[in-house]
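# Results of the structural survey
One-letter residues, chain by chain:
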Amino acid sequence: MKKKIIVTGGAGYIGSHTVVELFNAGFEPVIVDNFSNADKSVVARINEITGSNIELHEGDCCDEVFLKGVIEAEGAVDGFIHFAAYKAVGESVKKPLDYYRNNFDSLLTVLKAMMEYSIPHFVFSSSCTVYGQAAVLPVTEETPVQKQESPYGNTKKVCEEMINDAVNSGAKLKCISLRYFNPIGAHASAKIGELPLGVPQNLVPFITQAAAGIRRQLTVFGNDYDTPDGTCIRDYIHVVDLAKAHVKSLEYLGSRKADNFYDVFNVGTGKGNSVLEVIKAFEKASGQKLIYRIGPRRTGDIVQIYGNVNKANKLLDWKTEMTLEDSLRDAWEWQKGLGRS
Ligand code: WQD
């Protein structure tokens, strides 16, 4: 009997890649999505990749009646992976209360439903944003979580605390928070990938859209930082490697005897790359020359962050398999496919 996993936000960028990897690993994923930040066509693409017909429930996981209806309809559910959340840093500054409402309510609704229906396993989509600008790099899971620069980052920090408190209350929950670094790239089939709404805020989708002629020119937000080439450093992880970390997390939770558990894992490559290094790697991976200009710093950017991922390597038996160039090649193949569709 396949273990059934409800994936909230399962039509989103990381969610869709995780649904594919869950299927590949022998789980039975079920997608819950309200399509507020995802395109319905993604579900058909997932079915093309998996040769399956993944169960889909359209609705908002802040809606208790809807979510309980999904669990009743699906019967024995082994776990949840919770991606559904608003995640644009800049937007969160403009609409903080929407972010608190949506990101907290959705988590609370999922956790309460899990407890009511005795669903044991939970994986939460967190972010390295919680570390802020750490004094010592690479960051480990023991690196102090800082006061957040944005409401988005604060929702991730507080959501982790909510999960921890729920587990500490003695609830029969086995939970993991995965602190993502910078997810980039796309599935090798180029059928699913990142679909930013409007002008991309993130570096890699802006690069691929600039290379495709959709954006006039890439602006590098500052080259006067205290780094080797003056540009910010991040830990860019292939989205498929990231997706596989969720599968490994469920397998790890399933192997744990105790019925009450919580832990946190960094999920990155363990290496940092600067903006200029990403540009160079993209040009090499795609054969496309990128025109860019150096512009002013972007408010709120931290100088550098990259993760120590030894804990996930050891305990989750997980490690990245894709290089920065693999990620940028796959991002470019995905972008070119969008142009053709
Ligand atoms: C990376 C670097 C920019 C665009 C954000 C969120 C984080 C997570 C991932 C959700 C920075 C530079 C970017 C451009 C540039 N999201 N850049 N020109 O800010 O590290 O992380 O996305 O979980 O929470 O904070 O990613 O891709 O926006 O920026 O020079 O047009 O690229 O200044 O140094 P970031 P990013």
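Computed from a predicted structure; not experimentally measured.

## Here's the deal with the site of the ligand
- With respect to spatial proximity, 18 residues lie near the ligand, and among them Thr-129, Tyr-152, Leu-203, Arg-234 and Asp-301 are the closest.
- In the model, an oxygen atom of the ligand is placed 3.4 Å from a nitrogen or oxygen of the Gln-201 main chain.
- Note that an oxygen atom of the ligand is positioned 2.6 Å from one of the side-chain N or O atoms of Asp-301.
- The fraction of the free accessible surface of the ligand (690 Å²) that becomes covered by protein chains is 88%.
- By residue class, the composition of the shell around the ligand is nine nonpolar, six polar and three charged.

## Section: the pairing of strand 1 (residues 4–8)
- Counted residue by residue, strand 1 has five buried out of five residues, so it is predominantly covered.
- Residue alternation in strand 1 divides its side chains into two sets, Lys-4, Ile-6 and Thr-8 and Ile-5 and Val-7, and both sets are buried.
- As defined by bridge partners, strand 1 adjoins strand 2 (residues 28–33) across five bridges and the pair is classed as parallel. Within the sheet, the bridge partner assigned to Ile-5 lies in strand 2 and is Pro-29.
- Taken together, strand 1, helix 1 (residues 13–24) and strand 2 form a β-α-β motif whose crossover is right-handed.

## Notes on empty space enclosed by the protein
- Going through the model one piece at a time under the given rule, you end up with one cavity of 30 Å³ or more.
- Taken together, His-82, Phe-83, Ala-84, Ala-85, Asn-103, Phe-124, Ser-125, Lys-156 and Cys-159 make up the lining of the largest cavity.
- Sorting the residues of the lining of the largest cavity by element identifies strand 5 (121–127) and helix 6 (151–168) as the ones contributing at least two each.
- Along the lines of polarity and charge, the residues of the lining of the largest cavity split into five nonpolar, three polar and one charged.

## Here's the deal with the packing of aromatic side chains
- Scanning the model with the defined rule gives six aromatic pairs in all.
- Through a chain of ring-to-ring contacts, the aromatic side chains of Tyr-252, Phe-261 and Phe-265 assemble into a single cluster.
- A cation over an aromatic ring shows up here: Lys-2 above the ring of Phe-23, its NZ or CZ 5.3 Å from the ring centre.
- Across the ring face of Phe-265, the terminal group of Lys-311 is positioned such that the distance to the ring centre comes to 4.9 Å.

## Here we look at unusual backbone geometry
- Between Leu-137 and the following residue, Pro-138, the backbone shows a cis peptide bond with an omega angle of -5°.
- Take Pro-138: it is sitting in the loop between strand 5 and helix 6.
- Of note in this structure, Ala-190 is not a glycine but carries a positive phi near 60°.
- For Ala-190, the position within the fold is in the loop between strand 7 (182–184) and helix 7 (203–211).

## Description of helix 3 (residues 64–74)
- Within the sequence span of helix 3, burial applies to Phe-66, Leu-67, Lys-68, Val-70, Ile-71 and Glu-74.
- Packing partners of the buried residues in helix 3 comprise strand 1, strand 2, strand 3 (55–58), strand 4 (79–82) and helix 5 (96–116).
- Capping of helix 3 at its N-terminal end is provided by Asp-63; its side-chain oxygen lies 3.0 Å from the backbone amide nitrogen of Val-65.
- One or two positions beyond helix 3, positive phi appears at Gly-75, with a value near 75°.

Cut-offs and rules
- Residues numbered from 1 in each chain as written.
- Predicted model: local features only at pLDDT ≥ 70, side-chain atom pairs only at ≥ 80, totals over all residues.
- Heavy atoms only, no water.
- Near = heavy atom within 4 Å.
- Polar contact = N/O pair within 3.5 Å; in protein donor to acceptor, adjacent residues only side chain to side chain.
- Areas by Shrake-Rupley, 256 points an atom, 1.4 Å probe, with all protein chains shown as cover.
- Nonpolar A, V, L, I, M, F, W, Y, C, P; charged D, E, K, R; others polar.
- Buried < 20%, exposed > 50% of the residue type's maximum accessible area, 1.4 Å probe, protein only.
- Helix = DSSP H or I, 4+ residues; strand = E, 2+ residues; numbered from the N terminus.
- Pairing = 2+ DSSP bridges.
- Right-handed = clockwise from strand over helix to strand, strands pointing away.
- 1 Å grid on protein atoms, 1.4 Å probe; cavity = no way out; pocket = protein on both sides within 12 Å on 5 of 7 lines; lining within 4 Å.
- Points joined across faces, edges and corners; volume = space filled by probe spheres on them.
- Phe/Tyr/Trp six-rings, centres within 6.5 Å; stacked < 30°, edge-to-face > 60°.
- Lys NZ or Arg CZ within 6 Å of the ring centre and 35° of its normal.
- Contact = heavy atoms within 4.5 Å.

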